Amino acid sequence: MTGTASTTEARAHARSQAASADTAGPDLPEGIDDAKVTFATRIPPGGYANAVLGRGTRLRLTDPVGAACAHLFLLRAESPWERLNVADTVKVPWQAYLGPGHPLLSDQGRILATVVADSSGHHDTLCGPNSEARQLLRLAAAKHGLSPRDIGPTVSFFRGARVAADGALTPTGNAGAGAAVDLLVHLPVTVLIADAAHPLDDTPVTALDVVAWSAPGELPRVHNTDPEYRRAVENTETAWRAMHPLEAIA
């Protein structure tokens, strides 16, 4: 991958990103007013994306060709020292495998986002990013003044891993073209995404579509009835009300 240590390398990196991008862009969600779309991009293989998304944003990741791998990391935009904690994301819900209703928790016990729809089922919370994905995430983070030390373990969408009876990690591959996963953002977040191979699956990746749109009306809905999830929602809403008393959910 092209480096960015000098202006010449940085220019080459920027041009390679532009050259490899699919200018067609992602398909927008059916039935969603274009005016509500806040971010949309098609990440080329070996590329990355970064964005700051507001509370009440719905984020859809789509694997249009069938071999994408989205390494995702979240940091609270207003307080970037609060960030995705994959260990708690697994431990608190008593579930290592991501699916609808699963919270992506911060290191403060708050919900940064919830998985609200999933047609893939091939995801991973156990392996983290490979070296290529880590470098891509560092580049994405630098766009927000963040350093490598700000990036922790990630979750991976569209390439799964399962734990066998003997404790071995087994890759499960992709679900096929058109699979998608939707996240609902509970607190403003900086989103970093890299499209790179999974540590257990070096199959070359294909493009990844990312679309976000405003959906604040989905925040009050019940996405998970487990007591651990309800407690995390309460922690999240308490923090939000303290900072934004006029904007909190009634």
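Just above sits the structure.
Residues numbered from 1 in each chain as written. Predicted model: local features only at pLDDT ≥ 70, side-chain atom pairs only at ≥ 80, totals over all residues. Heavy atoms only, no water.

Q: How should the overall build of the chain be read in this particular structure?
A: Assigned secondary structure in the chain consists of four helices and 13 strands. Relative to the globule expectation of 18 Å for 250 residues, the C-alpha radius of gyration of the chain, 17 Å, shows essentially globular dimensions. Structurally, the chain occupies a C-alpha span of about 50 × 45 × 40 Å along its principal axes. Buried residues in the chain amount to 49% of all 250 residues. Summarising the internal contacts of the chain: among those between residues at least 6 apart in sequence, 77% fall at separations of at least 24. Per element, the accessible surface of the chain, about 11,400 Å² overall, is 52% carbon and sulfur. Here the chain holds 21 positive side-chain charges and 27 negative ones, and the gap between their average locations is 5 Å. (Helix = DSSP H or I, 4+ residues; strand = E, 2+ residues; numbered from the N terminus. Rg over C-alpha atoms; globule rule 2.2 N^0.38 Å. Buried < 20%, exposed > 50% of the residue type's maximum accessible area, 1.4 Å probe, protein only. Contact = heavy atoms within 4.5 Å. Areas by Shrake-Rupley, 256 points an atom, 1.4 Å probe, with all protein chains shown as cover. Lys, Arg positive; Asp, Glu negative; His and termini not counted. Charge placed at Lys NZ, Arg CZ, Asp CG, Glu CD.)

Q: Would you take a moment to explain the sheet that holds strand E13 (residues 208-214) for this structure?
A: Hydrogen bonds along the backbone pair up the strands of a sheet, which may run parallel or antiparallel. As summarised here, the arrangement of the six strands in space is E1-E13-E3-E11-E6-E5, forming an open sheet in which the pairing is antiparallel. Each edge of the open sheet carries a strand with a single partner, namely strand E1 (37-43) and strand E5 (103-105). Averaged over all adjacent pairs, the angle separating strand axes in this sheet is 20°, with direction ignored. Both strand E6 (residues 111-118) and strand E11 (residues 179-185) contribute to a ladder of five bridges, which runs antiparallel. When the bridges of E11 are listed, Thr114 appears paired with Leu184. Set on the sheet, helix H4 (residues 227-243) makes contact with E5 and E6; between it and E6 the angle comes to about 130°. (Pairing = 2+ DSSP bridges. Axes fitted to C-alpha atoms, helices over the stretch in contact; angles between N-to-C directions.)

Q: How should the environment of His198 be read in this particular structure?
A: Looking at the element boundaries, His198 is found in the loop between strand E12 (189-195) and E13. Under the relative-accessibility criterion, His198 is labelled buried at 2%. Excluding its chain neighbours within four sequence positions, the residues that come into contact with His198 are Cys69, His71, Asp124, Cys127, Ser156, Arg159 and Ala161. Of note is the side chain of His198, whose polar atom sits 2.7 Å from the side chain of Asp124. Among the polar contacts made by the side chain of His198, one reaches the main-chain amide nitrogen of Leu200 at a distance of 2.9 Å. (Polar contact = N/O pair within 3.5 Å; in protein donor to acceptor, adjacent residues only side chain to side chain.)

Q: How should I be thinking about the nonpolar core in this particular structure?
A: Where a protein is soluble and globular, its nonpolar side chains tend to be buried together. Counting 46 residues, the largest nonpolar core has Leu59, Leu61, Leu72, Leu74, Phe157, Ile193 and Leu208 as its most contacted members. With six residues, helix H3 (residues 131-142) is the largest single contributor of residues to this core. (Core = buried A, V, L, I, M, F, W, Y, C linked by side-chain atoms within 4.5 Å.)

Q: Explain a nonpolar patch on the surface to me, please; I cannot follow it from the model alone.
A: Among the surface-exposed residues, Leu126, Val163, Leu169 and Leu200 lie close enough to one another that they form a single nonpolar patch of about 290 Å² accessible area. Along the chain, the position of Leu169 falls in strand E10 (residues 169-173). (Patch = residues over 30% accessible without salt bridge, like charges linked within 9 Å, V, L, I, M, F, W, Y side chains within 5 Å. Salt bridge = Lys/Arg side-chain N within 4 Å of Asp/Glu carboxyl O.)

Q: How should I be thinking about unusual backbone geometry in this particular structure?
A: With glycine set apart, most residues show a phi of negative sign, and most peptide bonds adopt trans. We note that Trp94 has phi near 60°; this positive angle belongs to a residue other than glycine. Along the chain, Trp94 falls in the loop between helix H2 (86-91) and E5.

Q: Even after reading the chapter, I still don't get the sheet that holds E12, so can you show me in this structure?
A: Pairing is antiparallel in the open sheet, where five strands are placed in the order E2-E12-E4-E8-E7. Every other strand in the sheet has two partners, leaving strand E2 (48-53) and strand E7 (123-124) as the edge strands with one partner each. One ladder, built from seven bridges, connects strand E4 (residues 70-76) with E12; its direction is antiparallel. Along E12, the bridge assignment pairs Leu74 with Val191. Each of E2, E4 and E12 is contacted by H3, which is oriented at about 145° to E12, the strand it contacts most.

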